[in-house]
Amino acid sequence: MARSAPALSTFTAGEISPRLEGRITIEKYREGLSDLTNMIVQPHGGVTRRPGTEFLGEVKNSAAKTRLIPFEFKTSDTYVLEFGNQYMRVLRNGLQVLEGSAKTVSAITKANPGVLTSNSHGLANGDEVYLTNTGAMTELTARNYKIANVTTNTFTLTDLFGVAINTTSFTTFDSGVTVDKIYEITTPYVTADIPDLRFVQSADVMYLVHPSYQVRTLVRTDHNAWTINAIYLGEPQTAKTITAATQASPGVLTSSSHGFSNGDPVLIEAVVGMTELNNKYFKVANATTNTFTLQDIDSADIDTSGFTAYSSGGTAKKIETTVPALYGTDNNPSVVTFFEQRLVFAATNNNPQTLFFSKSAQYENFSVGSAADNDALIYTIASNKVNAIRYLSATRILIIGTSGGEYVLTTTNGSPVTANSTVIRKYSNYGCTNDEPVQVADLTLFIQRGGRKVREFKYAGEVDTSGYAAPDITILAEHLTEGGLTDFAYQQEPESIVWALRADGTLLGLTYRREEEVVAWHKHVIGGVFGSGQAVVESIVSLPTDSGEDELYMIVKRTINSQTKRYIEVMKTFDFGSVPTTSFFVDSGLSYSGSSTTSLSGMQHLEGQTVSILANGASHSDKAVSSASISFDIGVTSAAIGFGYTSQMQTLRLEAGSVDGTSQGKIKRIHAVTLRLDKTVGIEVGTDENNLDRIFFRDSSMSMDTAVPLFTGDKEIEFPGGYDDDAKIFVRQTQPLPMTVLAIYPRLNTFDK
């Protein structure tokens, strides 16, 4: 019998594949874990519990799959765009953007349903509104409702489950209630096409592409002022001066001897007064010598009767569409990026291997010209078989991912991209899925064709010799990607994590610090259920902030009160401070901070669910939400309420203590374990999930009516295990409290046979 005390002091290999259970001699075995669920690997070596998610709102239609798209003007001005079936909504700073035309409520009856009066409110049945309330009828909480039973001056409310709001027992109304519609705009994109929508952004303009739709721009002029317009790609011709525009259907524009023909694409600019026309593309209709009307891309007449009255000025420029390969059915690009001051499109249905570069610094001008240095250019990749372009990733070079391999676009002698200097070389033959890659520093991570492997495309020497390589970074954790990956989001701060969606809705994380050789996978099961299985994450995006932590937003599908619900949520901050009252380890949660209360309302989105509660910094017994409310067992001044989730880690079989070769396959007994912890309270330790002992953090010096302070330091535990040949250590947190494990120091006996 030999005694040993190995040090498990770093977990920077993350959860590793069962196929590596026999590779005890490799370094990653000593740094790996057999299970890492709802835990994040820190680049420094420890593992910490992932933060919970905060509920932000329900998507417009929970019956249909919806997608989030990030929009970043600057780090202090970022948006999350909710794209659903032919609509777009906006979130800013974690709140749904409103129209900004709040309606004041002058009366509310005490009835079932309660009738609200607001003269000439202009609302319609089914409109979703946000209600604010500073008056006496406090039971009518500030949240989203839907409008019903509309008359000119009155309406009733339902919750988002369709249940009418009964105000019979509410406090008598006095004043202070307003309602404002959730801001949204109409888009052409139907549900089935939204997953394949690609985008690239420059300041307040985003370019959107899809193989079934003409290229469009999404333009922001204010938080609640967005427009989406089809554009025509070509050479703008001489501007024709506009001298008049009528308010009519269709509106008639006057421009002396304009020379336009019906069907000509034109760009309208600089109109004073009727600014609704500015910076948009139209088709000419009803042309006469001096007048014409406008149509949209679908040949629908433009009704200007509701536009601002024309004042003066304005121009109309005909767009000479010199690139037929970018117009018409099956000629819409499906991939887009910016590269060296050019807008780059690729992969139309008719030309899947062709790239289209705009003129330098003229993003919508694709006139090829006579091969001048700033002219647009068209490049078709030559290959033995069709390798459809599936992504473009612009760094110092332009990486071109195709169905059959990876290419790099560079130029001769490092010069800018021109028609005479462009060179495209192939460097690998892995191929990729039709999913957007993610950039981390100067590397591009992409999903290999088949959906199971993630490869990092990186520089590996001189372009003309060794060039670039694409190693597999899922080789150590291939089991985690079973079923395939569908999406990426990179959360740079604070821990450098690449998030990935698995096809079954499981959220995977990859702590990725290549310069430190940290490549560590971990899996995350978001709290709640869908049907008889786990909650399903359907969309993820990450946005930077000025607070030191990027924000990860997601859409989560669950079954709530027997209905399918899709909620938009954001992962809370990693740095919650140094006291348990500010921690947040529940999913789809809400928080409270205020005067002491024994009940809380406003939890409509959790109706009928059993929720986990952190109250005054301590774990509270679970409660069921009824009528959007819960009752506490004590007076509460701070709380986090939401779905509970379990965080756990398990070591691999220990390799230590044998004096006769390996200890694998030999009987071992762990008799004690020291856990080195950081800001932790309330965890369990044992051999597996069925054999655990809870660690006690409260001592006799602590008041029994206050929360246990967070513990940092070493905890020594008499281990509950017996004699076996596995010798694994299992650590778990089931309470809504933090846990960070920096190292595990077991002491064991190994029995040589």
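Further up the page is the structure itself.
For every chain, the first residue of the written sequence is number 1, and numbering continues from 1 along that sequence. The predicted origin of the model limits local features to residues at a pLDDT of at least 70 and limits the giving and counting of side-chain atom pairs to 80 or more, whereas totals for whole chains, interfaces and linings rest on all residues. Side-chain numbers come from the whole structure's heavy atoms, not from hydrogens or water.

Draft legend 1. Just the overall build of the protein, in detail. Starting at the N terminus, helices and strands are each numbered in turn, a helix being any DSSP run of H or I of at least four residues and a strand any DSSP run of E of at least two. Looking only at helices and strands, the protein has one helix and 61 strands in total. Atoms counted for the radius of gyration: C-alpha only. Globule rule: 2.2 Å times residue count to the power 0.38. Over its C-alpha atoms the protein spans a radius of gyration of 30 Å, differing by no more than 12% from the 27 Å that the globule rule assigns to 753 residues. Its C-alpha atoms give the protein principal-axis dimensions of roughly 100 × 80 × 40 Å. Each residue is placed in one exposure class: buried if its accessible area under a 1.4 Å probe, protein chains only, is under 20% of its type's maximum, exposed if it is over 50%, and partly exposed if it falls in between. Taking all 753 residues of the protein together, the buried fraction comes to 54%.

Draft legend 2. How the structure looks around the pattern of salt bridges. By definition here, a salt bridge exists when the distance from a side-chain nitrogen of Lys or Arg to a carboxyl oxygen of Asp or Glu is within 4 Å. Applying the stated criterion to the full structure yields 37 salt bridges. When the shortest N-O distance is used, the salt bridge between D127 and K181 registers 3.6 Å. Of this pair, D127 sits in the loop between strand 13 (115-117) and strand 14 (128-133) while K181 is found in strand 17 (residues 177-181), placing the two residues 54 residues apart along the sequence. With a closest N to O distance of 3.5 Å, K557 and E538 form a salt bridge. Within this pair, whereas K557 is found in strand 49 (residues 551-560), its partner E538 is found in strand 48 (residues 536-543), the two being separated by 19 residues in sequence. Here K557 and E538 have matching classes, each one buried. Beyond isolated ion pairs, a larger network of salt bridges with shared partners links K60, R89, E128 and E184.

Draft legend 3. Summary view of the sheet that holds strand 37 (residues 422-428). Strand order in the open sheet made by the four strands is 34-35-36-37, with antiparallel pairing throughout. Two strands close off the open sheet at either side, each with one partner strand: strand 34 (389-394) and strand 37. Across the sheet, the axes of successive neighbouring strands diverge by a mean angle of 25°, strand direction being ignored. Bridge count for strand 36 (residues 406-411) against strand 37 is six bridges, and the pairing is antiparallel. What sits directly across from V408, in strand 37, is R425. When DSSP finds at least two bridges between two strands, those strands are taken to pair. Between N-to-C directions, angles cover 0 to 180 degrees, with each direction set by a line fitted to C-alpha atoms, over the stretch in contact for helices.

Draft legend 4. Seen up close, the sheet that holds strand 32 (residues 354-357). An order of 30-31-32-33 is seen for the four strands of this open sheet, with the pairing classed as antiparallel. At either end of the open sheet lies a strand with only one pairing partner, and these are strand 30 (335-339) and strand 33 (377-380). Geometrically, the sheet is characterised by an average inter-axis angle of 20° between neighbouring strands, direction not taken into account. Sheet topology places strand 32 next to strand 33; four bridges connect them, and they run antiparallel. Its bridge partner lying in strand 33, L355 is registered against Y379.

Draft legend 5. Inspection of the environment of S305 at higher detail. Inspection of the secondary structure assignment puts S305 in the loop between strand 28 (291-295) and strand 29 (315-320). A relative accessible area of 43% places S305 in the partly exposed class. Counting along the chain gives 23 residues from S305 to F282, while the straight-line C-alpha distance between them is 17 Å. When checking whether two residues touch, look at their non-hydrogen atoms; a contact exists if any pair is within 4.5 Å. Beyond its immediate sequence surroundings of up to four residues, S305 is in contact with Q247 and A248.

Draft legend 6. Local environment of the pairing of strand 52 (residues 610-615). Extensive coverage of strand 52 is indicated by the burial of five of its six residues. Judged from the five bridges that link them, strand 52 and strand 53 (residues 618-624) form a sheet pairing that is antiparallel. Following the sheet pairing, T610 is matched in strand 53 by A624. Where strand 52 hands over to strand 53, the hairpin turn is made up of two residues, of which N616 adopts a positive phi near 55°. Examined bridge by bridge, strand 52 and strand 54 (residues 630-643) share four bridges and lie antiparallel to one another. Pairing of S612 across the sheet is with G642, part of strand 54.

Draft legend 7. A look at the nonpolar core. Take the buried Ala, Val, Leu, Ile, Met, Phe, Trp, Tyr and Cys residues and link them wherever side-chain atoms come within 4.5 Å; each set so joined is a nonpolar core. By size, the foremost hydrophobic cluster in this structure holds 38 residues, and its most contacted members are V47, M649, L675, I729, V731, V741 and I744. Those elements that place two or more of their residues in this core are strand 3 (32-37), strand 4 (39-41), strand 56 (667-680) and strand 61 (740-751). Ranked by residue count, the leading element in this core is strand 56, at four residues. Once residues within four sequence positions are removed from consideration, M649 is found in contact with F11, L33, D35, L36, M39, V47, I729, F730, V731, V741 and I744.

Draft legend 8. Representation of the packing of aromatic side chains within the structure. Here a Phe, Tyr or Trp ring, Trp counted by its six-membered ring, pairs with any other such ring whose centre lies within 6.5 Å, and the pair is stacked when the planes are under 30 degrees apart, edge-to-face when over 60, and tilted otherwise. In the structure shown here, the tally under the stated rule is 18 aromatic pairs. Measuring from centroid to centroid gives 6.2 Å for F71 and Y79, while their planes differ by 75°, and the two rings are edge-to-face. Overall, Y79 belongs to the buried group, its relative accessible area being 0%. Taken together, the aromatic side chains of Y427, F457, Y459 and Y468 make up a single cluster linked through ring pairs. Lysine and arginine charges are scored as sitting over a ring when NZ or CZ, respectively, is within 6 Å of the ring centre and within 35 degrees of the ring normal. Sitting over the ring of F161, K565 keeps its end group 4.4 Å from the ring centre.

Draft legend 9. The arrangement of the environment of A102 in detail. For A102, the location among the structural elements is in the loop between strand 10 (95-96) and strand 11 (103-104). Remark: the alpha-carbon pair of A102 and T132, spanning 30 residues in sequence, is separated by 9.5 Å.

Draft legend 10. View of the side chain of S367. In this fold, S367 is placed in the loop between strand 32 and strand 33. Setting aside residues no more than four positions away along its own chain, S367 makes contact with E235, T322, K359, D375 and A376.

Draft legend 11. Geometry of unusual backbone geometry. Cis geometry is adopted by the peptide bond preceding P113, which originates at N112 and carries an omega value of 0°. Mapped onto the fold, P113 is located in the loop between strand 12 (107-108) and strand 13. The backbone of A361 shows a phi angle near 65°, a positive value even though the residue is not glycine. In this structure, A361 sits in the loop between strand 32 and strand 33.

Draft legend 12. Structural context of the pairing of strand 27 (residues 280-285). Judged by how many residues are buried, strand 27 sits mostly within the fold: six of six residues are covered. Direction of pairing for strand 26 (residues 265-269) relative to strand 27: antiparallel, over a ladder of four bridges. In the strand pairing of strand 27, V266 is matched with F282. Where strand 27 and strand 28 come together, three bridges link them in antiparallel fashion. Bridged to K283 within strand 28 is Q295. Hairpin connection between strand 27 and strand 28: a loop of five residues separates the two successive antiparallel strands, and N286 in this loop has a positive phi of roughly 50°.

Draft legend 13. Molecular detail of the side chain of R502. Tracing the backbone through its elements, the reader meets R502 in strand 43 (residues 497-502). On the accessibility criterion, R502 (14% relative accessible area) is buried. Identification of polar contacts relies on pairs of N or O atoms within 3.5 Å, with a donor-acceptor requirement for protein atoms, meaning one able to donate a hydrogen and the other able to accept it, and with residues adjacent in sequence counted only if both atoms are side-chain atoms. A polar contact is formed between the side chain of R502 and the backbone oxygen of L480, at a distance of 2.8 Å. Excluding residues within four positions of it along the chain, R502 makes contact with L480, T481, E482, G484, L485 and L508.

Draft legend 14. Highlighting the environment of T304. Looking at the element boundaries, T304 is found in the loop between strand 28 and strand 29. Along the primary structure T304 and T191 are separated by 113 residues, whereas in three dimensions their C-alpha atoms are 30 Å apart. Discounting chain neighbours no more than four positions away, the residues touching T304 are T246, Q247, A248, G251 and M274.

Treat this as a map of the structure, not an account of what it does.
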